[in-house]
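Structural features, examined
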Amino acid sequence: MMDAAWWHVFTSVCFWSPFCAWITAQVTKMLCGFLRTQKLDFFSYLVSTGGMPSAHSAMITGLAASVGITHGFGSTLFCIALATALVVMFDAATVRRASGLQARLLNEIVDELFKQHRFSERKLAELLGHTRLEVFMGMIIGILVAMIVTSAPLLMK
């Protein structure tokens, strides 16, 4: 029989900080989208990629910050979390951003070809990556949420 210790993950700030940072970023993204379009589509914003702020950056920074706060900024665990955060944020601002720009260009090509009735109308997702500002804002959300969650007295550290 498996030990029920896995359940304790839900009492850890290292679980709740990234989770709350991700939720905060996605809700912020939803509110920004609502202000821009006057349409509220909760589910699509909950699972969307790209946009302001970066939920990936918020989540991974929330994890790194909570690990640093609880285990020490000089610990091996923090170094692993920091390295992972840097890779995720670099990827969001470069590789995924470039993929989104390529998708936009391909969609323009498809539009031109479709107008001439030579190609299908299928489109690619364009909002894949983030600008540096979106990544930075996600990072700020992650750090702030981690500071709030790690100071919560109900969670085990």
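Look above for the structure.
In short, a report on the structure. (Residues numbered from 1 in each chain as written. Predicted model: local features only at pLDDT ≥ 70, side-chain atom pairs only at ≥ 80, totals over all residues. Heavy atoms only, no water.)

Focus on the overall build of the chain
Going by this rule: Numbering of helices and strands runs from the N terminus, with a helix taken as a DSSP run of H or I at least four residues long and a strand as a DSSP run of E at least two residues long. Throughout this description, buried means an accessible area under 20% of the type-specific maximum (1.4 Å probe, protein chains only), exposed means over 50%, and partly exposed covers the range between. Any two residues having at least one pair of non-hydrogen atoms within 4.5 Å are treated as being in contact. Using a 1.4 Å probe, accessible areas were evaluated by the Shrake-Rupley method; residue-level cover was limited to the displayed protein chains.
Per the secondary structure count, the chain includes six helices and zero strands. Taken from the N to the C terminus, the helices and strands of the chain come in the order α-α-α-α-α-α. The burial tally for the chain puts 31% of its 157 residues in the buried class. Across the chain, the fraction of contacts at a sequence separation of at least 24, relative to all contacts at a separation of at least 6, is 70%. Taken as a whole, the chain presents about 10,100 Å² of accessible surface, with 72% of it coming from carbon and sulfur.

Looking at the packing of aromatic side chains
Inclusion rule: Any pair of Phe, Tyr and Trp rings, taking the six-membered ring for Trp, is counted once the centres come within 6.5 Å. Such a pair is stacked with planes under 30 degrees apart, edge-to-face with planes over 60 apart, and tilted for the rest.
On inspection of all chains with the given rule, the structure shows five aromatic pairs. Ring geometry for Phe15 and Trp16: centres 4.9 Å apart, planes at 90 degrees, overall edge-to-face. On the basis of relative accessibility, which here comes to 25%, the residue Trp16 falls in the partly exposed class. Plain terms: the ring middles of Trp16 and Phe19 are 5.6 Å apart, the flat faces sit at 85 degrees to each other, and that makes the pair edge-to-face. Taken together, the residues span about one helical turn, with Trp16 and Phe19 both in helix α1 (residues 13–37) at a distance of three residues.

Let's talk about the side chain of Lys29
Defined as follows: Here the positive residues are Lys and Arg and the negative ones are Asp and Glu; neither His nor the chain ends is included. When a carboxyl oxygen of Asp or Glu lies within 4 Å of a side-chain nitrogen of Lys or Arg, that pair is called a salt bridge.
In this structure, Lys29 sits in helix α1. Notably, Lys29 is buried but unbridged: the nearest opposite-charge side chain belongs to Glu134, and the N-O separation is 7.7 Å.

As for α1
What counts is decided by this rule: Any helix carries an expected span of 1.5 Å times its number of residues minus one. Residues adjacent in sequence count toward polar contacts only when both atoms are side-chain atoms; beyond that, a polar contact is any pair of N or O atoms within 3.5 Å, and within protein one must be able to donate a hydrogen and the other to accept it.
Compared with the 36 Å implied by 1.5 Å per residue over 25 residues, the 35 Å span of α1 between its first and last C-alpha is a close match. Looking at where α1 begins, the residue whose side-chain oxygen comes 3.0 Å from the main-chain nitrogen of Cys14 is Ser12. A positive phi of about 60 degrees marks Gln38, the residue just after α1.

Focus: a nonpolar patch on the surface
Applied cut-off: For patches, a residue must show more than 30% relative accessible area and have no salt bridge; joins then use 9 Å for like charges and 5 Å for nonpolar side chains, namely Val, Leu, Ile, Met, Phe, Trp and Tyr.
On the surface, Ile69, Phe73, Ile143, Leu144 and Met147 cluster together to form a nonpolar patch covering roughly 460 Å² of accessible area. It is helix α6 (residues 132–150) that contributes the most residues to the nonpolar patch, three residues altogether. Position of Leu144 among the secondary structure elements: in helix α6.

Things to note about the packing of α1 against α6
The cut-off we apply is this: In this analysis an axis means a line fitted to C-alpha atoms, helices contributing only their contacting stretch, and an angle means the value between N-to-C directions, from 0 to 180 degrees. Angles below 35 degrees are treated as roughly parallel, those above 145 as roughly antiparallel, those between 65 and 115 as roughly perpendicular, and all remaining angles as oblique. Crossing handedness is read from the near helix: turned anticlockwise from the far helix by less than a right angle, it gives a left-handed crossing, and turned clockwise, a right-handed one.
Axis separation between α1 and α6 bottoms out at 8 Å; the angle between their running directions is 135 degrees. In terms of orientation, α1 lies oblique with respect to α6. Relative to α6, α1 is oriented so that their crossing is right-handed. Seen from α1, the contacting residues are Val13, Trp16, Ser17, Cys20, Ala21, Thr24 and Ala25; seen from α6, they are Ile141, Gly142, Val145, Ala146, Val149 and Thr150.

What about the packing of α1 against helix α3 (residues 55–71)?
Where we set the bar: Residues are sorted three ways: Asp, Glu, Lys and Arg are charged, Ala, Val, Leu, Ile, Met, Phe, Trp, Tyr, Cys and Pro are nonpolar, and all the rest, Gly among them, are polar.
Between α1 and α3, the shortest axis-to-axis distance is 8 Å and the interhelical angle comes to 150 degrees. Comparing the axis directions of α1 and α3 gives the class roughly antiparallel. Here α1 runs over α3; the crossing is right-handed. Side by side, α1 and α3 meet where Val13, Cys14, Ser17, Pro18, Ala21, Trp22, Ala25, Gln26 and Lys29 of the first sit next to Ala55, Ala58, Met59, Gly62, Leu63, Ser66, Val67, Thr70 and His71 of the second. Its residues assigned to classes, the contact of α1 with α3 shows 11 nonpolar, six polar and one charged.

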